[in-house]
Amino acid sequence: QGAVVVTANQTGDVLAVAGGRTAGFDGFNRALDARRPIGSLIKPVVYLTALERGWHLASPIADAPVRLEQSGRVWSPTNFDDEVHGDVPLVRGLGDSLNLATVNLGMTLGVDTVADRLAALTGTAPDNPFPSLLLGAEAMTPLDVAALYGTFASGGFQSTPHGVIAVLDESGAPVSQPNLAVDQRIRPEDAAALGQALEAVMRLGTGKSSRFSRAGTAGKTGTSDDYRDSWFAGYDDTHLAVVWVGRDDNQPAGLTGASGALKVWDGIMTHLGVRPILRTDGDDLATIEYDTGLLANDGCAEVVRVPVPDDAVLRSKPGCGINLRSLGDRVRSWFDNR
């Protein structure tokens, strides 16, 4: 089975809803009513919480084994590839959807802190305020996910998804109007940094199999335990589309977010047409190696450009040459050397 919600980024208008595989079916609408574990779709909330507390996308986090004991039970998650990657920059932790890095980051921040941030973004306290929340052991509907990711897609502004703009009487006078208020829920600089990380997901991370991975899109894959739920939430400059694929009987579907829901999302965006996300890059961007977070250039490494504070101390990749962070840095260096 499957479900889809498509919204307009800046207004929250619901443009399309598919509640199942059969068009026009009047029964159970999975897009609105099916609450399913969202898996790694939760991870941007963990990384946003870190950004709001002084971390940046080049900050190192430990992708190291985790072993937590609770009520006599041991929780020891693993990465999808069953590998341990050592210290990685935040942008890679999210981009490659590394479970161990995410849990270590979330435990450093505090599970309660992340749970509170999720509640502030969704308006609902999570049902599972425990460490497994960090990896998406929390059920949401596709419409709920659209509301959450709509805040990311709009640059930090929340507008509740809505399908009705106004109700008019026979004379055309408004009888009622929904509350279409727009609230800023994320600071612009943090929303921009998170958006760049979600673009890195597409270009270099778990979304790179998309035909639009290098077309200026952003998004996140999600897979629940035992491949029961395949999710993808992604957007361009205009549209956000959330896709869920799975089985009603909760048996494994055998699909990851990338092998299932992302394929559906590609088809939707092919029909809609992709408009690259517009960004105004400032002078505070550093070019870093995606794998390590070291300063690098695209001639000797796979790189991303990420915002970092002026006082951030970044090391250069050995043998990769001098890498000044921006045009502003180069201009300042010319004057410093005169």
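Residues numbered from 1 in each chain as written. Predicted model: local features only at pLDDT ≥ 70, side-chain atom pairs only at ≥ 80, totals over all residues. Heavy atoms only, no water.

Q: Honestly, the environment of Ala 62 in this entry has me stumped. Any pointers?
A: In this fold, Ala 62 is placed in strand 4 (residues 60–63). For the pair Ala 62 and Val 88, spaced 26 residues apart in sequence, the C-alpha separation works out to 6.4 Å. With sequence-adjacent residues up to four places away left out, Ala 62 is seen in contact with Gly 86, Asp 87, Leu 100, Ala 101 and Asn 104. (Helix = DSSP H or I, 4+ residues; strand = E, 2+ residues; numbered from the N terminus. Contact = heavy atoms within 4.5 Å.)

Q: Whenever I open this one, the sheet that holds strand 2 (residues 14–18) confuses me. Can you help?
A: In a beta sheet, neighbouring strands are held together by backbone hydrogen bonds and run either parallel or antiparallel to one another. Read from one edge of the open sheet, 5 strands run 2-1-15-14-13, paired in antiparallel fashion. Strands with a single pairing partner mark the edges of an open sheet, and in this sheet they are strand 2 and strand 13 (218–223). The sheet shows a mean angle of 5° between the axes of neighbouring strands, taken without regard to direction. Where strand 13 and strand 14 (residues 229–235) come together, 6 bridges link them in antiparallel fashion. Bridged to Ala 218 within strand 14 is Tyr 235. Along the sheet face, helix 6 (residues 142–153) touches strand 1 (2–8), strand 13, strand 14 and strand 15 (239–246) and points at about 145° away from the line of strand 15. (Pairing = 2+ DSSP bridges. Axes fitted to C-alpha atoms, helices over the stretch in contact; angles between N-to-C directions.)

Q: Help me out: how do you make sense of the packing of aromatic side chains in this one?
A: Pairs of aromatic rings are described using the distance from one ring centre to the other and the angle between the two planes. Within this structure, the stated rule accounts for 4 aromatic pairs. Here the aromatic rings of Tyr 149 and Phe 152 are separated by 5.0 Å at their centres, their planes lie at 70°, and the arrangement is edge-to-face. Of this pair, Tyr 149 and Phe 152 both sit in helix 6, 3 residues apart, which is roughly one turn of that helix. When sorted by exposure, Tyr 149 lands in the same class as Phe 152, which is buried. (Phe/Tyr/Trp six-rings, centres within 6.5 Å; stacked < 30°, edge-to-face > 60°. Buried < 20%, exposed > 50% of the residue type's maximum accessible area, 1.4 Å probe, protein only.)

Q: I'm lost on the pattern of salt bridges in this one. Help?
A: Pairing between side chains of opposite charge can happen when the charged atoms of each approach one another. On inspection of all chains with the given rule, the structure shows 14 salt bridges. Of the charged contacts in the structure, one is a salt bridge between Arg 187 and Asp 190, with a shortest N-O distance of 2.7 Å. The partner of Arg 228 in a salt bridge is Asp 226, and the shortest N-O contact between them spans 2.9 Å. The structure contains a network of salt bridges with shared partners spanning Arg 92, Asp 96 and Asp 291. (Salt bridge = Lys/Arg side-chain N within 4 Å of Asp/Glu carboxyl O.)

Q: Please explain the packing of helix 4 (residues 99–109) against helix 5 (residues 111–122) as it appears in this structure.
A: For any two helices packed against each other, the geometry is given by the interaxial angle and the distance between the axes. Between helix 4 and helix 5, the least distance of the axes is 5 Å, while the angle of their chain directions is 95°. The orientation of helix 4 relative to helix 5 falls into the category roughly perpendicular. Across the interface between the two elements, Gly 106, Met 107 and Leu 109 from helix 4 touch Val 111, Thr 113 and Val 114 from helix 5. (Parallel < 35°, antiparallel > 145°, perpendicular 65-115°, else oblique.)

Q: Honestly, the state of the cysteines in this entry has me stumped. Any pointers?
A: Disulfide: a covalent bond formed between the sulfur atoms of two cysteine residues. Using the criterion set out here, one finds 1 disulfide in the structure. The residue that forms a disulfide with Cys 300 is Cys 320, at a sulfur-sulfur distance of 1.5 Å. Linking Cys 300 and Cys 320, the disulfide has an S-S dihedral of approximately 60° and is accordingly described as right-handed. Taken as a pair, Cys 300 in the loop between strand 16 (285–289) and strand 17 (303–307) and Cys 320 in the loop between strand 17 and helix 9 (327–336) lie far apart in primary sequence, 20 residues in all. For Cys 300, a relative accessible area of 33% puts it in the partly exposed group. (Disulfide = S-S within 2.5 Å.)

Q: Can you help me understand the nonpolar core in this one?
A: A general feature of soluble globular proteins is that nonpolar side chains tend to end up buried together. Among the nonpolar cores identified, the biggest contains 67 residues, and Val 91, Val 145, Phe 152 and Ile 288 are the most heavily contacted of them. A total of 8 residues in this core trace back to one element, the largest contributor, which is helix 7 (residues 188–204). (Core = buried A, V, L, I, M, F, W, Y, C linked by side-chain atoms within 4.5 Å.)

Q: Would you mind showing me how to read helix 5 here?
A: In an α-helix, one full turn covers 3.6 residues, which means residues spaced three or four apart are oriented alike. With 12 residues, helix 5 ought to run about 16 Å at 1.5 Å a step, and its terminal C-alpha atoms sit 16 Å apart, in line with that. Taken as a whole, helix 5 has its buried residues at Val 111, Val 114, Ala 115, Arg 117, Leu 118 and Leu 121. Buried residues of helix 5, seen end-on, are gathered within an arc of 160° and therefore sit on one face of the element. Turned more than 90 degrees away from the buried face of helix 5, the exposed residues are Asp 112 and Asp 116. Residues of helix 5 that are buried in the fold lie against helix 2 (43–51), helix 4, helix 6 and strand 9 (157–158). Residue Gly 123 follows helix 5 closely and has a positive phi angle near 80°. (Expected span 1.5 Å × (residues − 1). Arc of directions from axis to C-beta.)

Q: Would you take a moment to explain helix 4 for this structure?
A: For helix 4, a buried count of 8 out of 11 residues is recorded, marking the element as mostly surrounded by other parts of the structure. Residues Asn 99, Leu 100, Ala 101, Thr 102, Val 103, Leu 105, Gly 106 and Leu 109 constitute the buried set of helix 4. On the buried face of helix 4, the contacting elements are helix 2, strand 4, strand 6 (73–75), strand 7 (86–89), helix 3 (90–95) and helix 5.

Q: What am I meant to see in the confidence of the model for the chain here?
A: Segments scoring low in pLDDT should not have their predicted coordinates read at a detailed level. The predicted model of the chain has a mean per-residue pLDDT of 92, with 94% of residues at 70 or higher. A low-confidence stretch, residues 330–338 (pLDDT under 50), is modelled with 2 contacts involving residues beyond four sequence positions or located in other chains. (pLDDT = per-residue confidence, 0-100.)

Q: Quick question: what am I supposed to make of the packing of helix 2 against helix 6 here?
A: Where helix 2 meets helix 6, the axes come as close as 11 Å, and the angle between the chain directions of the two elements is 40°. In terms of orientation, helix 2 and helix 6 fall into the oblique class. Regarding helix 2 and helix 6, the two cross each other, and that crossing is left-handed. Side by side, helix 2 and helix 6 meet where Pro 44, Val 45 and Leu 48 of the first sit next to Leu 148, Tyr 149 and Phe 152 of the second. Of the residues assigned to the contact of helix 2 with helix 6, the class counts are 6 nonpolar, no polar and no charged. (Left-handed = near helix turned anticlockwise from the far one by under 90°. Nonpolar A, V, L, I, M, F, W, Y, C, P; charged D, E, K, R; others polar.)

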